[in-house]
Amino acid sequence: MSNHWFPGHMAKARRLMSEHISNIDCIIEVRDARLPLSSTNPMLQELKGSKPTLILFSKSDLSDEKMNESFKQYFDQHQQPTLFLNSLHVSARNKVLKALDQALEPKRLKDKSKGIQFRMYKIMVVGIPNVGKSTLINTLARKRVVEVANKPGVTQSLKWLNIDNKYMLMDTPGVLWPKFEDPKTGTKIALCHSMKEGVVNIEEVVKYAFSFMKEHYPHLLNSKPEEEVGDIIETALQAIKKNSLSLTDEEALLTLYRDIKEGRLGRITYDRIED
Ligand SMILES: Nc1nc2c(ncn2[C@@H]2O[C@H](COP(=O)(O)OP(=O)(O)OP(=O)(O)O)[C@@H](O)[C@H]2O)c(=O)[nH]1
Ligand SMILES: [Mg+2]
């Protein structure tokens, strides 16, 4: 298993998205706040070119609050509009609409100078799988207009949605890319639930998460500083098996992996600005 996943529907989605891109006014790139850098797709960066882009960091309720602040400042310094968001919270809708208005202000002024008082702006929502693109659209629509589920690869085709007769938003399938330049990227993406379980080397990914926690979040581990990562994982697996006596070793490891992906071990950000 390789921590890699690029099925045909992603290649097709990428092709269809490139056919629409010339008609799009603005891009909303949804990233996972636990991976502010690694959850961007270089293929989508290339696709969007110089279109105005708002980066929405979803799942910021699962990431490290201090790192949310540091990354917010980092992107501010790079003049890149961002929003750290819990898309499931009722406050998300107004925050996103306000940020969208700001991102589209230069377009609106340009339109006015051409005598166009009003038009519906077209926005494409892009990102890697399972980061919350469809959730965001449902939050904006105030009802379930697109399918959402807690597994990657749910949205498989492009779909336009009308938001308040003001914006047309396009939901798109989560897209990864054919080759990770740095294999660590695949591991981190697997840790944040953007990779199909069947292709994940779970043992390797769990080990990476625990090594990272030992270095950056030791308070989340019930362990002594001198304890080896392998031993800390073993203790965590034994605790899982004690709770569910019928679990095999493999099932206990899968449970631990799922606990990490769902943020049950604590709030963690796996990227650092200097990465
Ligand atoms: N905790 C938390 N969960 C979120 C947030 N946004 C989305 N989710 C959850 O993430 C899961 C995936 O959401 P989707 O909206 O289906 O993700 P997607 O990006 O459309 O996924 P694909 O269509 O597979 O690419 C769901 O279980 C959502 O409830 C958030 O801000 N915080
Ligand atoms: Mg979706």
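Residues numbered from 1 in each chain as written. Chains lettered and ligands numbered in written order. Predicted model: local features only at pLDDT ≥ 70, side-chain atom pairs only at ≥ 80, totals over all residues. Heavy atoms only, no water.

A. Molecular detail of the coordination of the magnesium ion (ligand 2). Listed as protein donors to the magnesium ion (ligand 2) are Ser 134 (OG) and Thr 155 (OG1); their distances from the metal cover 2.0 to 2.1 Å. With a gap of 21 residues between them, Ser 134 in helix H5 (residues 133-141) and Thr 155 in the loop between H5 and strand S5 (159-163) connect regions that are remote in the sequence. Since its relative accessible area comes to 16%, Thr 155 is described here as buried. (Donors = N, O, S within 2.8 Å, 3.2 Å for Na, K, Ca; no water. Helix = DSSP H or I, 4+ residues; strand = E, 2+ residues; numbered from the N terminus. Buried < 20%, exposed > 50% of the residue type's maximum accessible area, 1.4 Å probe, protein only.)

B. Up close: the nonpolar core. Counting residues in hydrophobic clusters, the biggest one holds 80 residues, and the most contacted among them are Leu 136, Tyr 167, Met 195, Val 206, Phe 210 and Tyr 270. Setting aside its immediate chain neighbours within four residues, Tyr 270 contacts Arg 34, Leu 35, Lys 188, Leu 191, Cys 192, Ala 209, Phe 212, Ile 260 and Asp 275. (Core = buried A, V, L, I, M, F, W, Y, C linked by side-chain atoms within 4.5 Å. Contact = heavy atoms within 4.5 Å.)

C. Focus on the packing of helix H7 (residues 202-216) against helix H8 (residues 229-243). Orientation of H7 relative to H8, taken along the N-to-C sense of each, is 110°, at an axis distance of 10 Å. On the basis of their axis angle, the class for H7 and H8 is roughly perpendicular. Between H7 and H8 the crossing geometry is right-handed. Across from Val 206, Lys 207, Phe 210, Ser 211 and Lys 214 in H7, the residues of H8 making contact are Val 229, Ile 232, Ile 233 and Ala 236. Residue composition of the contact of H7 with H8, grouped by class: six nonpolar, one polar and two charged. (Axes fitted to C-alpha atoms, helices over the stretch in contact; angles between N-to-C directions. Parallel < 35°, antiparallel > 145°, perpendicular 65-115°, else oblique. Left-handed = near helix turned anticlockwise from the far one by under 90°. Nonpolar A, V, L, I, M, F, W, Y, C, P; charged D, E, K, R; others polar.)

D. Spotlight on the sheet that holds strand S3 (residues 82-84). The sheet built from six strands is open, its strands ordered S3-S2-S1-S4-S6-S5 with mixed pairing. The sheet is open, and its two borders are formed by S3 and S5, each paired with just one other strand. Neighbouring strand axes in the sheet, compared pairwise and without regard to direction, differ in orientation by 25° on average. As judged from the five bridges shared by strand S1 (residues 26-32) and strand S4 (residues 121-127), these two strands associate in the parallel manner. Bridge pairing in S4 places Val 30 opposite Gly 127. The sheet strands contacting H5 are S1, strand S2 (53-58), S4, S5 and strand S6 (167-171), and the helix crosses S6 at an angle near 155°. (Pairing = 2+ DSSP bridges.)

E. Geometry of the site of ligand 1. The immediate surroundings of ligand 1 are formed by 24 residues, with Asp 61, Ser 87, Lys 133, Thr 135 and Gly 153 found nearest. Asn 130 is positioned with one of its backbone polar atoms (N or O) 3.0 Å from an oxygen atom of ligand 1. For ligand 1, an oxygen atom lies 2.8 Å from a polar atom in the backbone of Gly 153. When ligand 1 sits alone it has 660 Å² of accessible area, and the protein chains cover 91% of it. When residues of the shell around ligand 1 are assigned to their parent elements, the largest contribution, three residues, is made by H5. Within the shell around ligand 1, the residues separate by chemical class into nine nonpolar, 11 polar and four charged. (Near = heavy atom within 4 Å. Polar contact = N/O pair within 3.5 Å; in protein donor to acceptor, adjacent residues only side chain to side chain. Areas by Shrake-Rupley, 256 points an atom, 1.4 Å probe, with all protein chains shown as cover.)

Interpretation note: all reported values are geometric properties and have no functional meaning in isolation.
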